[in-house]
Amino acid sequence: MSDNPGSDTERHLREALRHLGAAQDDDDLRKTHAVALEEVSNTVSSVLREYEDDG
C-alpha cells in the first residue's frame with residue numbers, strides 16, 4: 001500500500017479524466033456512449049474538486 005492514499009486517489013481520478021477526454025475525442029463514439037462518458041467525466045470532476053477542497 002502507498003504511504004499517501006489520497007495522492008493515489010487524485011492521480012487515478014486525473015488519469016480517468018484523461019482517458020475519458022481521449023474517448024470523447026474519438027469520432028466513432030455513439031451518441032449514447034458520448035452522453036454516458038460526459039456524465040462520468042462530470043462526476044469524476046466533481047469528486048476531484050471536492051477532494052481538492054478537502055485537501
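Heads up: the structure comes first, above all this text.
Quick caveat: nothing in here was measured; it's all calculated off a predicted structure.

On to the overall build of the protein. When its secondary structure is counted, the protein shows two helices and zero strands. Residues counted as buried form 15% of the 55 residues belonging to the protein.

Right, let's get into the pattern of salt bridges. Taken as a whole and assessed by the stated rule, the structure comprises three salt bridges. In this structure, the salt-bridge partner of Arg-11 is Asp-8, at a minimum N-O distance of 3.5 Å. Of the two residues, Arg-11 and Asp-8 both sit in helix 1 (residues 5–25), three residues apart, roughly one turn of that helix. Here Arg-14 makes a salt bridge to Glu-52, at a shortest N to O gap of 2.2 Å. Of this pair, Arg-14 sits in helix 1 while Glu-52 is found in helix 2 (residues 31–54), placing the two residues 38 residues apart along the sequence.

The subject of this paragraph is the environment of Arg-14. Taking relative accessible area as the criterion, Arg-14 reaches 33% and is therefore assigned partly exposed. With 31 residues separating them along the chain, Arg-14 and Ser-45 place their C-alpha atoms 8.4 Å apart. Leave out the neighbours within four places in its chain, and Arg-14 touches Leu-48 and Glu-52. In this structure the side chain of Arg-14 is engaged in a polar contact, spanning 2.2 Å, whose partner is the side chain of Glu-52.

Before going further, it helps to examine the environment of Glu-38. As for its placement among the helices and strands, Glu-38 is situated in helix 2. For Glu-38, a relative accessible area of 45% gives the class partly exposed.

Each value, and the rule that gives it
Residues numbered from 1 in each chain as written. Predicted model: local features only at pLDDT ≥ 70, side-chain atom pairs only at ≥ 80, totals over all residues. Heavy atoms only, no water. Helix = DSSP H or I, 4+ residues; strand = E, 2+ residues; numbered from the N terminus. Buried < 20%, exposed > 50% of the residue type's maximum accessible area, 1.4 Å probe, protein only. Salt bridge = Lys/Arg side-chain N within 4 Å of Asp/Glu carboxyl O. Contact = heavy atoms within 4.5 Å. Polar contact = N/O pair within 3.5 Å; in protein donor to acceptor, adjacent residues only side chain to side chain.

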